[in-house]
Amino acid sequence: MQFETVPLASLLAAIGGGLLVGVERERSHAGSGVRAAAGVRTFALAALTGAVGAMLGSVGLALGAIAVIAFALAGYRAGHRDDPGLTTEFALVLTFLLGALVLSTPQLAAGLFVVLAGLLAAKQALHRFTR
């Protein structure tokens, strides 16, 4: 994909989706006293990394994926004693992938960003439902 053919709206959708997911993650950890490894800026950057990686092609996308996965693993290792779940790490990787998807199908990616944020926000309700 050529740089000049990438609409600004797609890049803004990637940043906006990353911000949406990041805000949810920060709000989710706000009352726990545990500082989250990834917050609003990290998620926005992960989505933007996905979009830029997709613009650069398969090598750029692969390098971005390796970096995001490495940071997700580092975040898990640093905080797994306080929060043994993998939800934030999976959300970070999915945010990267949705950032990449936003270039080819921005409406689908934007909708999936909303679904991701909704699933994350529904943690308590989903846990009550399963019990």
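Only a predicted model underlies this, so the values are computations on that prediction, with no experimental measurement involved.

**A few points about the pattern of salt bridges**
Working step 1: Going through the model one piece at a time under the given rule, you end up with 1 salt bridge.
Working step 2: Here glutamate 24 makes a salt bridge to arginine 25, at a shortest N to O gap of 2.9 Å.
Working step 3: Residue glutamate 24 is classed as buried on the basis of its relative accessible area, which comes to 12%.
Working step 4: Using a relative accessible area of 4% as the deciding quantity, one classes arginine 25 as buried.

**Focus: the side chain of serine 10**
Working step 1: With respect to the element layout, serine 10 can be found in helix α1 (residues 8-29).
Working step 2: Beyond its immediate sequence surroundings of up to four residues, serine 10 is in contact with Val102, Leu103 and Pro106.

**Some words on the nonpolar core**
Working step 1: Membership of the largest hydrophobic core comes to 23 residues, with the highest contact counts inside it found for Val21, Phe43, Leu92, Val102 and Leu116.
Working step 2: Elements with a contribution of two residues or more to this core: α1, α2 (40-56), α3 (58-79), α4 (87-101) and α5 (106-121).
Working step 3: In terms of residue count, α2 provides more of this core than any other element does, 6 residues in total.

**Observations regarding the environment of phenylalanine 90**
Working step 1: Locating phenylalanine 90 in the fold gives a position in helix α4.
Working step 2: Separated by 17 residues in sequence, phenylalanine 90 and leucine 73 place their C-alpha atoms 9.9 Å apart.

**Describing the side chain of arginine 25**
Working step 1: Within the secondary structure, arginine 25 sits in helix α1.
Working step 2: A polar contact of 2.7 Å, which involves the side chain of arginine 25, links it to the side chain of threonine 88.
Working step 3: Residues in contact with arginine 25, not counting those within four places in the same chain, are Ala38, Phe43, Thr87, Thr88 and Leu120.

**Some remarks on the packing of α1 against α5**
Working step 1: Interaxial distance between α1 and α5 falls to 9 Å at its minimum, and their mutual angle equals 5°. Put simply, α1 runs roughly parallel to α5. Within the contact between the two elements, α1 uses Ser10, Ala13, Ala14, Gly17, Gly18, Leu20, Val21, Glu24 and Arg25 and α5 uses Pro106, Phe113, Val114, Leu116, Ala117, Leu120 and Ala121.
Working step 2: Its residues assigned to classes, the contact of α1 with α5 comprises 11 nonpolar, 3 polar and 2 charged.

The rules behind the values
Residues numbered from 1 in each chain as written. Predicted model: local features only at pLDDT ≥ 70, side-chain atom pairs only at ≥ 80, totals over all residues. Heavy atoms only, no water. Salt bridge = Lys/Arg side-chain N within 4 Å of Asp/Glu carboxyl O. Buried < 20%, exposed > 50% of the residue type's maximum accessible area, 1.4 Å probe, protein only. Helix = DSSP H or I, 4+ residues; strand = E, 2+ residues; numbered from the N terminus. Contact = heavy atoms within 4.5 Å. Core = buried A, V, L, I, M, F, W, Y, C linked by side-chain atoms within 4.5 Å. Polar contact = N/O pair within 3.5 Å; in protein donor to acceptor, adjacent residues only side chain to side chain. Axes fitted to C-alpha atoms, helices over the stretch in contact; angles between N-to-C directions. Parallel < 35°, antiparallel > 145°, perpendicular 65-115°, else oblique. Nonpolar A, V, L, I, M, F, W, Y, C, P; charged D, E, K, R; others polar.

So, to be careful, I would describe these as geometric facts and stop short of saying anything about function.
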